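Survey of secondary and tertiary structure
Below are the chains, spelled out letter by letter.
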Amino acid sequence: MSSPGFRLADTTSPRIMVVDGSKVVRKMIEGVLRQQLPDMEFVGCETGGEAKAALQTGSISLVTTALRLSDIDGLELAKHIRDHTPQAYIPIIVVSGDVQERLETRSISDDVTDYFDKSLGFNALAAFIKGYVAPESEKGGEVLYVEDSRVVAVATRRMLEKHGLTVIHSTGVEDAIAHLETMKAQGKIPGPDVVLTDVYLKGELTGKDLVHSIRRDFGYPKGLLPVLVMTGDANPANQTDLLRAGANDLVQKPIEERLLVTKLLFQLRVGRLLRQKLAKQDAAQ
């Protein structure tokens, strides 16, 4: 899905709005957010109506909303925010348990900046939100980056290294697969923390073929090795195919740096958390 570029409100104390019909859920989100962002101002709303009123009380740094609210749909709220809030573009995050289904059916509108699968838990959500309002570098994170344009690759590599990431650059899918095979042979599974690939590349194989290989041939699930795909193809059917093939997320071209880095760091962190969890489970057995 495409997303406009955005600017956050200039503030050292982010004002974060959470719209959810459950008071318990709002309290739990507030609790984990305060651990990540102790200086934030929390604005909790039960309904879309409350959220609309709260938007008039001052600038908001970020909004999260459930899809199902008692008065309106979360997507309706997102559209209202876009149409009626005269401040810099506000990141709007949909938090839902059926994100994957909605992504595949392309039923999340362009009014939404991003989406979060609530099954990942509140701590992951807090880290995700922090990535938008107060992003940090991820030291030691390794990205397998697949791009055949030298000019684009140099610019993107510098962008990622600026955020503390180590970049392993491959010019084609064949080279990327060879790197993953080498890592596997050395017992380094999966090797990189995350894969970032373009869709259309020189050579016989595409980014979609790479996703298929990672999921089918290597047998790496989304949690073990996240894959973020960059695409300039706005065709919803083609975007759905990429997600169904096993891509964790898509970034629409032209690339907006903050959005790319936020998504990449989030996938990297969640992948690390899940690998650590699996390692503890294996050690306990």
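Residues numbered from 1 in each chain as written. Predicted model: local features only at pLDDT ≥ 70, side-chain atom pairs only at ≥ 80, totals over all residues. Heavy atoms only, no water.

**A short note on the overall build of the chain**
A tally of helices and strands in the chain yields 10 helices and 10 strands. The buried share of the chain, reckoned over its 285 residues, is 51%. In the chain, the proportion of contacts linking residues at least 24 apart, taken out of those at least 6 apart, comes to 69%. Put simply, the chain shows about 13,100 Å² of open surface, and 50% of that area lies on carbon and sulfur atoms. (Helix = DSSP H or I, 4+ residues; strand = E, 2+ residues; numbered from the N terminus. Buried < 20%, exposed > 50% of the residue type's maximum accessible area, 1.4 Å probe, protein only. Contact = heavy atoms within 4.5 Å. Areas by Shrake-Rupley, 256 points an atom, 1.4 Å probe, with all protein chains shown as cover.)

**Examining the pattern of salt bridges**
By the definition in use, this model includes 7 salt bridges. For Lys79, the salt bridge goes to Asp83, with nearest N and O atoms at 2.7 Å. You can see Lys79 and its partner Asp83 sitting in helix 3 (residues 74-84), 4 residues apart, about one turn around the helix. For Lys79, a relative accessible area of 45% gives the class partly exposed. (Salt bridge = Lys/Arg side-chain N within 4 Å of Asp/Glu carboxyl O.)

**Regarding helix 9 (residues 236-245)**
Within helix 9 the residues assigned to the buried category are Gln239, Thr240, Leu242, Leu243 and Ala245. Directly after helix 9, the chain includes Gly246, whose backbone phi takes a positive value near 130°.

**Section: helix 1 (residues 23-36)**
Between its terminal C-alpha atoms helix 1 stretches 20 Å, which fits the 20 Å expected from 14 residues at 1.5 Å a residue. For helix 1, the complete set of buried residues consists of Arg26, Ile29, Glu30, Val32 and Leu33. Between the side-chain oxygen of the N-cap and the backbone nitrogen of Val24 there are 3.4 Å, and the N-cap of helix 1 in question is Ser22. (Expected span 1.5 Å × (residues − 1). Polar contact = N/O pair within 3.5 Å; in protein donor to acceptor, adjacent residues only side chain to side chain.)

**Some remarks on the packing of aromatic side chains**
The tally for this structure, following the rule as stated, stands at 2 aromatic pairs. With 5.4 Å between their ring centres and 35° between their planes, Phe116 and Phe128 make a pair best called tilted. Of the two residues, Phe116 sits in strand 5 (residues 114-117) while Phe128 sits in helix 5 (residues 122-133), which places them 12 residues apart along the sequence. Its relative accessible area of 1% is what places Phe116 among the buried residues. The class of Phe128 is buried, set by a relative accessible area of 3%. (Phe/Tyr/Trp six-rings, centres within 6.5 Å; stacked < 30°, edge-to-face > 60°.)

**Here's the deal with the confidence of the model for the chain**
Mean pLDDT for the chain: 85, with 86% of residues reaching 70 or above. For residues 1-11, every residue scores under 50 in pLDDT, and the model assigns this stretch 35 contacts once sequence neighbours within four places are set aside. (pLDDT = per-residue confidence, 0-100.)

**Things to note about the sheet that holds strand 5**
Across the sheet, 5 strands lie side by side as 2-1-3-4-5; this open sheet has parallel pairing. Every interior strand has two partners, whereas the edge strands, strand 2 (41-45) and strand 5, have only one. Across this sheet, the average inter-strand angle for adjacent strands is 20°, counted without regard to direction. Sheet topology places strand 1 (residues 15-19) next to strand 3 (residues 62-66); 4 bridges connect them, and they run parallel. Residue Val19 lies in a different strand from strand 3, and its bridge partner there is Thr65. Relative to the sheet, helix 5 contacts strand 1, strand 3, strand 4 (92-96) and strand 5, its axis offset from that of strand 5 by approximately 160°. (Pairing = 2+ DSSP bridges. Axes fitted to C-alpha atoms, helices over the stretch in contact; angles between N-to-C directions.)

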